[in-house]
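Residue-level structural notes
Residues per chain, in single letters:
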Amino acid sequence: MGAAAATVAAARSSALFLALLCWASAPAPVLAAYKLVDTFSGSTFFNNFDFFTGADPTHGTVQYLSQSAAQSAGIITAGNPTIIAADTTHVQSAGRSSVRITSKKSYNTGLFAFDLNHMPAGCGTWPAVWMLGPNWPNSGEIDIVEGVNVNSNNQVTLHTSAGCSIDTSAQHQSGSTLTTSCVSPGTDNSGCGVQGNSGNSYGSGFNSAGGGVYAMEWYNGSPGAIKVWFFPRGSVPSDLTSNNPNPGNWGTPMAHFPLGSQCAPSHFANLQIVLDLTFCGDWAGKVYGPGCTGGSGDAACQYLVINYPQNFKEAYWSINSIKTFSKRSQPQKRKTHRSKRMRN
């Protein structure tokens, strides 16, 4: 081999060696923390839910309709978006017609995203997006979106059996902790709650801003946690919109409930997604008055709900999608090997 050819061969060998060395020492590609499992949206939205038609456990002035009855009444429409509303036409002495739906599937940990354009708002209303386990409160409850009447700030709440309280020293959140004992039934079934500090996180403020996305992460471990973020329209993380979410990149959540020594992860199991709209009752009726007409208390709330259907034209959900994600298995780290000649 001539000198020139030998030089070229040596250069090629060196380049190949360096390329292999770089490949071996490069970190494994970073995968999203979660993978998409379910998408509830469009014309098949209601296929994923059962309709609750029993008496309201929170004693609201409401009639929960079956799917067929709600369709006949014109208060639900599956599509893009899906609409779930209250009756706005009739005086209804038995309570205002509305809907409460529960997911057919149940979940044990995961990430849950609720893309909403509009939520029910106004005097007498009590809407919620939440997750509920069997044999309440023994399998737990997570209230993700909830408020009453003319509230402007969302409230996130946990309800559990005995032995669960918030470790406030471990909380990292933008919201304000309201109560620390999660035990229900307690003195007033209030559970442990965190109030958001954003005036566009609930009610008419949320609606006028075009809505947004609520995301709830629930994971067990050392430590575990339940966290809730709110992203206004136009501020939703790109990894969430692309279905490759990494909550670790999202910054401080609205609410953070550590799971550990003060509240074991076993308090939450087999939770189903619930979305509903009730009126008055144990919370909205109890605090009814400020900012609303007709007096104060549950009786005044009931009178409004029964007799003034036109007041509930803003009492509807507009839902783009509900998505669920499961934790992605992390890839094993690639072993690296250095050449003996490179160690010296």
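Residues numbered from 1 in each chain as written. Predicted model: local features only at pLDDT ≥ 70, side-chain atom pairs only at ≥ 80, totals over all residues. Heavy atoms only, no water.

Moving on, we get to the pairing of strand 10 (residues 141–146). Counting buried residues in strand 10 gives 6 out of 6 residues, a clear majority hidden from the surface. Relative to strand 10, strand 9 (residues 125–132) is paired through 5 bridges, and the arrangement is antiparallel. Note on strand 10: the bridge partner recorded for Trp130 is Asp143. Sheet topology places strand 10 next to strand 11 (residues 155–159); 3 bridges connect them, and they run antiparallel. Bridge pairing in strand 11 links Asp143 to Thr157. (Buried < 20%, exposed > 50% of the residue type's maximum accessible area, 1.4 Å probe, protein only. Helix = DSSP H or I, 4+ residues; strand = E, 2+ residues; numbered from the N terminus. Pairing = 2+ DSSP bridges.)

Two descriptors summarise a pair of aromatic rings, namely the distance from one centre to the other and the angle between the planes of the rings. Tallied over the entire structure, the rule returns 13 aromatic pairs. Ring plane angle 85° and centroid distance 5.4 Å describe the contact between Phe231 and Trp250, whose orientation is recorded as edge-to-face. On the criterion of sequence distance, the pair formed by Phe231 in strand 15 (residues 224–232) and Trp250 in the loop between helix 4 (238–241) and strand 16 (255–259) is long-range, its members being 19 residues apart. Both rings, one in Phe279 and one in Phe312, keep their centres 5.4 Å apart while their planes meet at 80°; by these two values the pair is edge-to-face. With a gap of 33 residues between them, Phe279 in strand 17 (residues 272–279) and Phe312 in the loop between helix 6 (298–307) and strand 18 (316–327) connect regions that are remote in the sequence. (Phe/Tyr/Trp six-rings, centres within 6.5 Å; stacked < 30°, edge-to-face > 60°.)

Now for the confidence of the model for the protein. With 86% of its residues at a pLDDT of 70 or more, the protein has an overall mean of 90. Residue range residues 4–11 is modelled with pLDDT below 50. Its contacts to residues more than four positions away, or to other chains, number 1 contact. Under a pLDDT of 50 for its full length, residues 332–344 has, in the predicted model, 12 contacts with residues more than four places off or in other chains. (pLDDT = per-residue confidence, 0-100. Contact = heavy atoms within 4.5 Å.)

A word on the state of the cysteines. As used here, a disulfide is simply a covalent bond connecting the sulfur atoms of two cysteines. Inspection of every chain in the model, using the stated rule, returns 4 disulfides. A sulfur-sulfur separation of 2.0 Å characterises the disulfide bridge that pairs Cys182 with Cys192. Its S-S torsion of about 95° marks the bond between Cys182 and Cys192 as right-handed, since a negative value means left-handed. Within this pair, whereas Cys182 is found in the loop between strand 12 (176–177) and strand 13 (192–195), its partner Cys192 is found in strand 13, the two being separated by 10 residues in sequence. Of the two residues examined, Cys182 and Cys192, each falls in the buried class. Cys280 shares a disulfide with Cys301; S-S distance 2.1 Å. The disulfide joining Cys280 to Cys301 has a torsion of about -95° about its S-S bond and is therefore left-handed. Here Cys301 lies in helix 6 and Cys280 lies in the loop between strand 17 and helix 5 (281–284), a separation of 21 residues in the sequence. With a relative accessible area of 0%, Cys301 lands in the buried category. When the cysteines of the protein that form disulfides are numbered from the N-terminus onward, they connect as 1-7, 2-5, 3-4, 6-8. (Disulfide = S-S within 2.5 Å.)

Every buried residue of helix 6 is listed here: Ala300, Cys301, Leu304, Val305 and Ile306. As for helix 6, its buried residues are in contact with strand 6 (96–98), strand 17 and helix 5.

The 8 strands lie next to each other as 2-7-17-9-10-11-13-12, forming an open sheet whose pairing is antiparallel. Only two strands of the sheet have a single neighbouring strand rather than two, namely strand 2 (49–51) and strand 12. Alignment of strand 2 against strand 7 (residues 100–103), held across 3 bridges, turns out to be antiparallel. Opposite Phe49, over in strand 7, you have Ser103 as the bridge partner.

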